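Remarks on the overall topology
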Amino acid sequence: MTEMFLETEYEEMRKLAKKLHILLPEAFWEFEVRDKRNRITFHSKQRSHSWVRNAYNLMVCQAAAVPGDSAVGLAIVDTGGSTRSDTTTQPASGLSSGGASNSSIYVNLTNGIYAGAGIDTFGIVVGTSANPESLESYALGAKIASGNLAGQLSYSATDPPAISTVGTTKTVAWVRYFNNNSGGAIVVNEAGVYTKGTYDNSSATFMMCRDLLAGGVNVPNTGQLKVTYTLQLTYPA
């Protein structure tokens, strides 16, 4: 199925959502590579089709004010593969300063998706695995570590989210840069969003989505990869 045909179907879905007064969420990845002379050598934008079970469980727990309990299928699996289940507390993206008794959830630098420079444990992350996408994924197949050694990319701090509204469509865009000082080219085949959140009165890092990059993205030595992850919400009115 061609991308043009897919976009035609999405346009029809937008019209139907507006008619039925349904909020339509969409997500996109954008990749741009520049060489050492700052010339653009690659640019591509694709839909993100791969929110994983963690994302849906998180939304249900937040919207319904229910705990993240494995007994009812709402547990969160962290990036280490451990199931985070609790019968009394909700999982959240972002950390509270005082545990379960604190009603404020913080999403500033070092919390949520907002990772600092050199941090590869959360935020937008990239990897080399071409394993198939799966709803049950909890981590990238082969995450690229932050650094300047062979096979590594230097992760920048995540830019503050850019929030905008055009008509009835609101977008939130996260941007992160990856510099290749490894001494050789690196092919990026997967991208994901890890969030540093809270669970059972403690911190937990879990993956929200993982997408394969068609054909991979070649980042040359001394080159830079810019990754933008955008959430788009089209309201019916």
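None of the values given here were measured: they were computed from a predicted structure. (Residues numbered from 1 in each chain as written. Predicted model: local features only at pLDDT ≥ 70, side-chain atom pairs only at ≥ 80, totals over all residues. Heavy atoms only, no water.)

Attention now moves to the pattern of salt bridges. Per the counting criterion, the structure on display carries eight salt bridges. Notably, a salt bridge pairs R84 with D78, separated by 3.0 Å at the nearest N-O pair. Residue classification places R84 among the partly exposed residues on the basis of a relative accessible area of 26%. (Salt bridge = Lys/Arg side-chain N within 4 Å of Asp/Glu carboxyl O. Buried < 20%, exposed > 50% of the residue type's maximum accessible area, 1.4 Å probe, protein only.)

Before going further, it helps to spend a moment on the nonpolar core. Considering soluble globular proteins, one finds that nonpolar side chains tend to be buried as a cluster. With 40 residues, the main nonpolar core has W29, V126, V188 and L225 as its most contacted residues. Sorting the residues of this core by element identifies strand 1 (24-34), helix 2 (53-64), strand 6 (123-127), strand 9 (169-179), strand 10 (186-199), strand 11 (202-219) and strand 12 (224-234) as the ones contributing at least two each. When residues in this core are grouped by element, the largest group, eight residues, is from strand 11. Not counting the four nearest positions on each side in its chain, V188 is found in contact with V126, G127, I144, L153, L213, G216, V217, V219 and L225. (Core = buried A, V, L, I, M, F, W, Y, C linked by side-chain atoms within 4.5 Å. Helix = DSSP H or I, 4+ residues; strand = E, 2+ residues; numbered from the N terminus. Contact = heavy atoms within 4.5 Å.)

Turning next to a nonpolar patch on the surface. Taken together, the side chains of L16, L20 and I22 define a hydrophobic patch exposed on the protein surface, amounting to about 280 Å² of accessible area. Topologically, I22 is positioned in the loop between helix 1 (3-19) and strand 1. By relative accessible area, which is 43% here, I22 ends up partly exposed. (Patch = residues over 30% accessible without salt bridge, like charges linked within 9 Å, V, L, I, M, F, W, Y side chains within 5 Å. Areas by Shrake-Rupley, 256 points an atom, 1.4 Å probe, with all protein chains shown as cover.)

The next subject is unusual backbone geometry. Look at H21: it is not a glycine, yet its phi comes out positive at around 60°. One non-glycine residue, N38, lies in the positive phi region at around 70°. On the secondary structure map, N38 appears in the loop between strand 1 and strand 2 (40-47).

Quick look at the packing of aromatic side chains now. With the rule as written, the count across this model stands at five aromatic pairs. With a centroid separation of 4.7 Å and 75° between ring planes, the pair formed by Y155 and F178 is classed as edge-to-face. One end of the pair, Y155, is in strand 7 (residues 154-155); the other, F178, is in strand 9, and 23 residues separate them in sequence. Since its relative accessible area comes to 0%, F178 is described here as buried. Just above the ring of F28 sits the side chain of K45; from NZ or CZ to the centre is 5.0 Å. (Phe/Tyr/Trp six-rings, centres within 6.5 Å; stacked < 30°, edge-to-face > 60°. Lys NZ or Arg CZ within 6 Å of the ring centre and 35° of its normal.)

Without other data, these values stay purely geometric and don't point to any function.
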